[in-house]
Amino acid sequence: MKKTLSAQELYLKSVRRTNCQVRLWRVLICVLFLSAWELCARQEIINSFIFSSPSRLARCFADLMKNQDLPGHIGITLFETLASFVLVIAVSLVFAVLLWKSRTFSRILEPYMVMLNSLPKSALAPLLIVWLGANYKTIILTGMSVAVFGSVLSLYTGFQEVDAEKIKLIYTLNGTSRDALYKVILPANVPNLFSIMKVNIGLCLVGVIIGEFIAAKRGLGYLIIYGSQVFKMDWVILSILILCITAMALYLLLSRLEKAFHRFC
């Protein structure tokens, strides 16, 4: 028993050491990249007007916080992204269930879903804005359009891959399709759903930025497109960095929610 505990302690110590090394290397790579970027800009190896530098971005951040309501721009992009993300998950679940419940319905709609999923969403966004107007609702819909079709297909595929013997057992015990859905299909697809959610949060952010490029007067997408038009490249690069940080934070939040769900369920 003592040897088992000792081996377990050694294993846990090894895991903690590996996790610490991973975090250290992540920080080190970031610091080295920023240092090299700043050094190249100061030594005029790269054009700081075009490529900016960490020090210029820090000054730009302070200026945007003071004069351009940067938190407001971040907030509106985050709101549109989360709204489109929640709607994508809700719509995807509803349509995936409908496709699973009716084989005929799924055979009719599946080729159209594949076709719509393959459409370039950057070409669809201008049409949505012309049809529905330049407002935040249209931008949310644009964010949804990037993720929803692939999400429905992925969920439906996951529903089909559930062990057929478990579903037969439900029906053998006089269960209904509702019982099969809630007791077998949905529980079996929780890991798949979390994987789809982690992909969709990034896709919704991309779709929202596409919409903001075309129609917004606020948001990070607006700052990027406006900054490129008036050659304020610091605005563009800073907005892109904020988008990267936002996407990473949202992904980590979903990962934490997934771990919490598996811990308590």
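See the structure above.
Attention in this report is confined to the structure presented alongside it. Treat the numbers as computed from the prediction; the structure is a model and nothing was measured.

**Quick word on unusual backbone geometry**
So, step 1. Positive phi outside glycine occurs at Asp-69, with the angle close to 55 degrees.
So, step 2. Along the chain, Asp-69 turns up in the loop between helix 3 (54-67) and helix 4 (70-101).
So, step 3. Of note in the backbone geometry, Phe-231 takes a positive phi value of approximately 60 degrees without being a glycine.
So, step 4. Position of Phe-231 among the secondary structure elements: in the loop between helix 11 (220-229) and helix 12 (233-264).
So, step 5. With relative accessibility at 56%, the residue Phe-231 sits in the exposed group.

**Observations regarding the pattern of salt bridges**
Oppositely charged side chains can pair when the atoms bearing their charge come close.
So, step 1. In this structure the tally under the stated criterion is five salt bridges.
So, step 2. The salt bridge involving Arg-218 is made with Asp-69; its shortest N-O contact spans 2.8 Å. A residue pair is termed long-range when its members are at least 10 positions apart, and Arg-218 in the loop between helix 10 (190-215) and helix 11 and Asp-69 in the loop between helix 3 and helix 4 qualify at 149 residues.
So, step 3. On the accessibility criterion, Arg-218 (39% relative accessible area) is partly exposed.
So, step 4. By relative accessible area, which is 40% here, Asp-69 ends up partly exposed.

**What about the packing of helix 4 against helix 7 (residues 136-160)?**
So, step 1. Viewed as axis vectors pointing N to C, helix 4 and helix 7 meet at an angle of 35 degrees, and their least axial separation amounts to 7 Å. Here the hand of the crossing between helix 4 and helix 7 comes out right-handed.
So, step 2. Residue composition of the contact of helix 4 with helix 7, grouped by class: 21 nonpolar, four polar and one charged.

**Observations regarding the side chain of Ser-84**
So, step 1. Looking at the secondary structure, you find Ser-84 in helix 4.
So, step 2. A polar contact of 2.8 Å, which involves the side chain of Ser-84, links it to the backbone oxygen of Thr-81.
So, step 3. Among all residues touching Ser-84, those that are not within four sequence positions of it are Ile-140, Gly-143, Met-144, Cys-204 and Val-208.

Scoring rules and cut-offs
Residues numbered from 1 in each chain as written. Predicted model: local features only at pLDDT ≥ 70, side-chain atom pairs only at ≥ 80, totals over all residues. Heavy atoms only, no water. Helix = DSSP H or I, 4+ residues; strand = E, 2+ residues; numbered from the N terminus. Buried < 20%, exposed > 50% of the residue type's maximum accessible area, 1.4 Å probe, protein only. Salt bridge = Lys/Arg side-chain N within 4 Å of Asp/Glu carboxyl O. Axes fitted to C-alpha atoms, helices over the stretch in contact; angles between N-to-C directions. Left-handed = near helix turned anticlockwise from the far one by under 90°. Nonpolar A, V, L, I, M, F, W, Y, C, P; charged D, E, K, R; others polar. Polar contact = N/O pair within 3.5 Å; in protein donor to acceptor, adjacent residues only side chain to side chain. Contact = heavy atoms within 4.5 Å.

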